[in-house]
Amino acid sequence: MDLDVLLPSLIPSLQSVYVLVSYFAYLAVAGELLPGKVIRGVVLSDGSQLRYRCNGLFALTLLVAILGISAKLGIVSPLVVADRGLELLSATFIFCVLVTLVLYITGRSSSDKSSSLKPHVSGNLIHDWWFGIQLNPQFLSIDLKFFFVRAGMMGWLLINLSILAKSVQDGSLSQSMILYQIFCALYILDYFVHEEYMTSTWDIIAERLGFMLGWWLLHNKVELTVPAIVANCFVFLIGYMVFRGANKQKHIFKKNPKTPIWGKPPLVVGGKLLASGYWGIARHCNYLGDLMLALSFSLPCGISSPVPYFYPIYLLILLIWRERRDEVRCAEKYKEIWAEYLRLVPYRILPYVY
């Protein structure tokens, strides 16, 4: 793309700001008002538990319906994201920087002693800004961590649907685009069906970069062979089985440690660490499933360029880095119990490899 065209398109317009603000406003109102199952989070160090209203699937369905009707009536263009993707990207980036700076400033000045809002200041500005100061910062009683994860997942689907509409309008809809759209939609919908599992995970969802992959397929038509489609489906299904299965086992174990895993009583190290099921195969088996899913999102783009594989490569680096930090944290927290767990489960992510 010519720089004379690229650079102006990165400057947020009033419309892109309006779209972003409207989106966040909808999520805030829908999250508070729509009915949904209220889940208690994990018990924090001070004994408190946050409450999460898991109505994401309802909110997403309602939002898609509203946008669909609005597009039919000509109120909203279904191509607004596809046509203004770079503007929205830069507007979102600026918004994120501003939000994190505000969180840094409010976190440093907080005198709250609760586990959720107690400030953890290292003295290193970059470190504190990057990792955050408060565990669960809130705004108008909205848990921002839960809110932004939800915003990212819903936004990913809306980006994809806009790009799908663009490809249909241009007559460039391909097997690869259909495959990519199906995989992403299934993953996102599954997340909201099992949204309560998020309340018991340590994971923070990485930015999905759905726009980049969809944009690639929109401008580079890729035709897949039948064996390639079958292989891609296989990678997605295995990844989904491992990812969802591992997270479900951990969530159920935290609620009731005596629940059978794969039909057998769970093996628990020191009464705290699950070493059965997927968690007896690798210490971070859920990361393996996540990586396979990320790869399945990129495979429909073919192998003619490394660009569509930025996301799985980025996620691989992120998860290895996170896994290393988690291992250090667990070694300090569980001590001898962790050493025994390492003996029983020697592999980190991929059995016999890593």
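All values reported here derive from a predicted model rather than from experimental measurement.

Before going further, it helps to examine the confidence of the model for the protein chain. When the pLDDT values of the protein chain are averaged, the result is 83; 90% of them are 70 or greater. Confidence drops under pLDDT 50 across residues 203–212; counting only partners more than four residues distant or on other chains, this segment forms 31 contacts.

All right, on to the environment of Leu-144 then. Along the chain, the position of Leu-144 falls in helix α7 (residues 144–170). Owing to a relative accessible area of 12%, Leu-144 belongs among the buried residues under this scheme. Sequence spacing of Leu-144 and Ile-126 is 18 residues, and the spatial spacing of their C-alpha atoms is 20 Å. Non-local contacts of Leu-144, meaning those with residues more than four positions away in its chain, are made with Leu-103, Pro-137, Gln-138 and Phe-139.

What follows deals with the UniProt feature "transmembrane region" (unreviewed entry) in the protein chain. Taking the numbering used here, the UniProt-annotated feature "transmembrane region" (unreviewed entry) corresponds to residues 16–35, 56–76, 88–106, 147–165, 177–193, 224–243, 264–281 and 293–321. The span residues 56–76 shows a helical share of 81% and a strand share of 0%, and its end C-alpha atoms are spaced 22 Å apart. With 100% helix and 0% strand, residues 147–165 has end C-alpha atoms that lie 27 Å from one another.

Glancing now at the side chain of Asp-143. Along the polypeptide, Asp-143 turns up in strand β4 (residues 142–143). For the buried Asp-143, no salt bridge exists, and the shortest N-O distance to an oppositely charged side chain is 6.5 Å, to Lys-145. Only 2.9 Å separates the side chain of Asp-143 from the backbone nitrogen of Phe-146, close enough to count as a polar contact. Excluding residues that lie within four positions of it along the chain, Asp-143 makes contacts with Leu-50, Tyr-52, Asn-136, Pro-137 and Gln-138.

Conventions and cut-offs
Residues numbered from 1 in each chain as written. Predicted model: local features only at pLDDT ≥ 70, side-chain atom pairs only at ≥ 80, totals over all residues. Heavy atoms only, no water. pLDDT = per-residue confidence, 0-100. Contact = heavy atoms within 4.5 Å. Helix = DSSP H or I, 4+ residues; strand = E, 2+ residues; numbered from the N terminus. Buried < 20%, exposed > 50% of the residue type's maximum accessible area, 1.4 Å probe, protein only. UniProt positions renumbered as here; feature names shortened; annotations may be inferred. Lys, Arg positive; Asp, Glu negative; His and termini not counted. Salt bridge = Lys/Arg side-chain N within 4 Å of Asp/Glu carboxyl O. Polar contact = N/O pair within 3.5 Å; in protein donor to acceptor, adjacent residues only side chain to side chain.

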